[in-house]
Amino acid sequence: MIALVIALALSVDPGVARPGDALIHQRVQPVSRVADPAPVLEGVAVTVECTAHTDGRVDGCMVLGETHPGLGFGAAAVALMNGSDVAPGPRELQFALTIQFTP
């Protein structure tokens, strides 16, 4: 009986699939390439104008210009500057400042 099984196994045409062949001879398909991630923003700059009070308190900031509008950097720059402190001075003054955001 064993001889018959071996004879049958040896006489099978190699081009014919047998049970288990799919696991042994399965071709690996290349993984499809994922789209490149969004490019990292470099050189993001926001110019704000603020008021410095005599006690050094800064407020009233507004965006004068930004390199990438609509992405939230302008709001972030205003939030950074409003409530910050500078050296106290003899009078209230307005100043402009450009903030560079780096990755």
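In what follows, the structure referred to is the one given above.
To start, this report covers the structure provided alongside it. None of the values given here were measured: they were computed from a predicted structure.

With that settled, consider the nonpolar core. Listed in full, the 11 residues of the largest apolar core are Val44, Val46, Val48, Cys50, Val58, Cys61, Ala77, Val78, Met81, Ile99 and Phe101. Taken together, the elements giving at least two residues each to this core come down to β1 (44-52), β2 (58-66), α3 (73-81) and β3 (93-101). If you tally residues by element for this core, the top one is β1, at 4 residues. For Val46, the residues in contact, after removing those within four places along its chain, are Val63, Gly65, Glu66, Phe73, Gly74, Ala77, Leu97, Thr98, Ile99 and Phe101.

Attention now moves to the environment of Val86. Within the secondary structure layout, Val86 lies in the loop between α3 and β3. C-alpha of Val86 to C-alpha of Asp55: the two residues are 31 residues apart in sequence and 8.5 Å apart in space. Look past the residues within four positions of Val86 in its chain and what remains in contact with it is Ala52, Gly56 and Val58.

Turning to the pattern of salt bridges, a few remarks are in order. Applying the stated criterion to the full structure yields 2 salt bridges. Ionic pairing is found between Arg57 and Asp55, a salt bridge with its closest N-O pair at 3.6 Å. With relative accessibility at 36%, the residue Arg57 sits in the partly exposed group. Taken together, the salt bridges that share partners define one network made up of Asp55, Arg57 and Asp59.

A separate point is the environment of Leu41. Within the element layout of this structure, Leu41 appears in the loop between α2 (21-24) and β1. Among the residues examined, Leu41 registers a relative accessible area of 33% and is labelled partly exposed. As for Leu41 and Thr102, which are separated by 61 residues in sequence, their C-alpha atoms are 8.1 Å apart. In this structure Leu41 touches His68, Leu71, Phe73 and Pro103, once residues within four positions along its chain are discounted.

Procedures and definitions
- Residues numbered from 1 in each chain as written.
- Predicted model: local features only at pLDDT ≥ 70, side-chain atom pairs only at ≥ 80, totals over all residues.
- Heavy atoms only, no water.
- Core = buried A, V, L, I, M, F, W, Y, C linked by side-chain atoms within 4.5 Å.
- Buried < 20%, exposed > 50% of the residue type's maximum accessible area, 1.4 Å probe, protein only.
- Helix = DSSP H or I, 4+ residues; strand = E, 2+ residues; numbered from the N terminus.
- Contact = heavy atoms within 4.5 Å.
- Salt bridge = Lys/Arg side-chain N within 4 Å of Asp/Glu carboxyl O.

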